[in-house]
Amino acid sequence: MTTASPGSPAAPVAGPAPTPAAVLAAAADARASVVLSGHVQPDADALGSTLALAEGLRRRGARVLATFPGRPGLPASLGWLPGAEGLVPSTAVPASPDVFVSLDAASPARLGELAALLTGAGTSVVLDHHASNPGFGTVRLVDPAAPATVVLVAGLLDELGIALDARLATLLYAGLAADTGSFRFSSTRPDTHALAARLLATGIDHAAISQRLFDTAPFGWLRLLSAVTGRAVLEPGVGAGLVWTWSSTAEAAEHALPGEQLEALVDVVRSTAEADVACVLKGQDDGTWSVSLRSRGATDVARVATAFGGGGHRAAAGFTSHEDRETTIAQLRRLLDT
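Rules used throughout
- Residues numbered from 1 in each chain as written.
- Predicted model: local features only at pLDDT ≥ 70, side-chain atom pairs only at ≥ 80, totals over all residues.
- Heavy atoms only, no water.
- Helix = DSSP H or I, 4+ residues; strand = E, 2+ residues; numbered from the N terminus.
- Rg over C-alpha atoms; globule rule 2.2 N^0.38 Å.
- Buried < 20%, exposed > 50% of the residue type's maximum accessible area, 1.4 Å probe, protein only.
- Contact = heavy atoms within 4.5 Å.
- Areas by Shrake-Rupley, 256 points an atom, 1.4 Å probe, with all protein chains shown as cover.
- Arc of directions from axis to C-beta.
- Salt bridge = Lys/Arg side-chain N within 4 Å of Asp/Glu carboxyl O.
- Pairing = 2+ DSSP bridges.
- Lys, Arg positive; Asp, Glu negative; His and termini not counted.
- Phe/Tyr/Trp six-rings, centres within 6.5 Å; stacked < 30°, edge-to-face > 60°.
- Lys NZ or Arg CZ within 6 Å of the ring centre and 35° of its normal.
- Core = buried A, V, L, I, M, F, W, Y, C linked by side-chain atoms within 4.5 Å.
- Polar contact = N/O pair within 3.5 Å; in protein donor to acceptor, adjacent residues only side chain to side chain.

Draft legend 1. Quick look at the overall build of the protein chain. What the protein chain contains, in helices and strands, is 13 helices and 12 strands. Against the compact-globule benchmark of 20 Å for 338 residues, the protein chain has a radius of gyration of 20 Å, which places it among compact chains. Reported as C-alpha extents along the three principal axes, the dimensions of the protein chain are approximately 55 × 45 × 40 Å. Taking all 338 residues of the protein chain together, the buried fraction comes to 52%. Partitioning the contacts of the protein chain with sequence separation of at least 6, the portion at a separation of at least 24 is 64%. As displayed, the protein chain offers around 14,100 Å² of accessible surface, 55% of which is attributable to carbon and sulfur atoms.

Draft legend 2. Representation of helix α7 (residues 190-200). Within α7, burial applies to Thr192, Leu195, Ala196 and Leu199. Buried positions in α7, seen along its axis, are confined to an arc of 100° and lie on one side of it.

Draft legend 3. The arrangement of the pattern of salt bridges in detail. The full count for this structure, using the stated rule, is 13 salt bridges. Between arginine 60 and aspartate 29 there is a salt bridge, with the nearest N and O atoms lying 2.9 Å from each other. With arginine 60 in helix α2 (residues 44-60) and aspartate 29 in helix α1 (residues 20-29), this residue pair connects regions lying 31 residues apart in the sequence. Arginine 60 sits in the partly exposed class, given a relative accessible area of 28%. You can call aspartate 29 exposed: its relative accessible area is 59%. Salt-bridge contacts for aspartate 165 lead to arginine 59; the nearest nitrogen and oxygen are separated by 2.9 Å.

Draft legend 4. Quick look at the sheet that holds strand β10 (residues 289-295). Strand order across the open sheet formed by six strands is β7-β8-β9-β10-β12-β11, with mixed pairing between neighbours. At either margin of the open sheet sits one strand with a lone partner, and together these are β7 (233-235) and β11 (311-312). Bridge analysis of strand β9 (residues 277-283) against β10 gives seven bridges, and the strand direction is antiparallel. If you follow alanine 278 over to β10, its bridge partner there is arginine 294.

Draft legend 5. Broad picture of the side chain of arginine 294. Within the secondary structure, arginine 294 is located in strand β10. Salt bridges are absent for the buried arginine 294, whose nearest opposite-charge side chain, aspartate 267, sits at 4.0 Å.

Draft legend 6. Structural view of the packing of aromatic side chains. One pass over the full model with this rule turns up three aromatic pairs. Judged by centre distance (6.1 Å) and plane angle (55°), the rings of tyrosine 173 and phenylalanine 183 are tilted. Taken together, the positions of tyrosine 173 in helix α6 (residues 166-179) and phenylalanine 183 in the loop between α6 and α7 put the pair 10 residues apart, joining distant regions of the chain. Judged by relative accessible area, which is 6%, tyrosine 173 ranks as buried. Here the aromatic rings of tryptophan 246 and tryptophan 289 are separated by 6.4 Å at their centres, their planes lie at 90°, and the arrangement is edge-to-face. Of the two residues, tryptophan 246 is situated in strand β8 (residues 242-248) and tryptophan 289 in strand β10; the sequence distance between them amounts to 43 residues. Overall, tryptophan 289 belongs to the buried group, its relative accessible area being 11%. Of note, arginine 325 hangs over the ring of tryptophan 246, and the distance from its end group to the ring centre comes to 4.0 Å.

Draft legend 7. Main features of the nonpolar core. Counting 57 residues, the largest nonpolar core has Leu53 and Val101 as its most contacted members. For leucine 53, the contacting residues outside a window of four places in its chain are Leu24, Leu36, Val101, Leu103, Leu127, Val153 and Leu157. In terms of nonpolar packing, the next biggest core, distinct from the first, is built from 19 residues, Val238, Leu281, Trp289 and Leu332 among them.

Draft legend 8. Structural context of the environment of aspartate 267. Locating aspartate 267 in the fold gives a position in helix α11 (residues 265-269). Here aspartate 267 falls in the partly exposed class, since its relative accessible area comes to 42%. Spatially, the C-alpha atom of aspartate 267 lies 14 Å from that of alanine 177, the residues being 90 residues apart in sequence. A polar atom in the side chain of aspartate 267 sits 3.3 Å from the side chain of arginine 270.

Structure follows, in structure tokens:
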């Protein structure tokens, strides 16, 4: 559903609210400056959405900069995506672009230092599919029923009259495959497969895309995985069952791995049959814990994450904790028990 934020200076005084497609088409026609960004520690959906829409807007004539918050550099699993080489550091984007587009960020906090562009830009456009999204930005399209933000971007590209080719399809397919768990998650719908068929029809090598996203990792990953799963804790009496473990960017570095490699740990832990909720705490360089939550269906982990200031989906969510590890997991136990 697309809405405008009435309190924003850029909101229209009267008449129907502008749509994201109308705002972006006008920006392209005027050769306006557009900055696009996904969330911190971008995944395939955030990055695929950002790069695909950036490419489409360039083809329409807009002056585009694509970026993401946090330290520069992408994990090897994402750095090969078409257009990734053109990403600029967040410090290199103007403070007051004509348009700022936020993609796949469930809250302003997920935009890190780039959240200031929500008010600094002439118009801010928010594209997202997280149910916990509180509604921010001047113009927004938030559809919790969409399995991935790339689905919304594909629709926008259609509205903008931009034909899908193999380059765009590679970006969209990467995000679609990642956020649907290779079409295994309950968010997958008939039209999800219809979009996948459209993307495959452009001639992309979907097997190669999936291999690079899901089935390629350095040998150090096996060592890290062994250590992290070896200290996993199963607590069947907590809520509908909890399994949890932890790691840190420092531990990843010991195995010659970037901190981003920790993101894949929860997808291994979530396979535990005896627990409905899987949790991985990932210690960051600044002393905080980035916490990933997954549910097998009985628990709404978005509700849990929101209580900690985070967000996400019913089956997949996360938050940042400034407490120590023991305090964080104790607070999580209490929430799951209620």
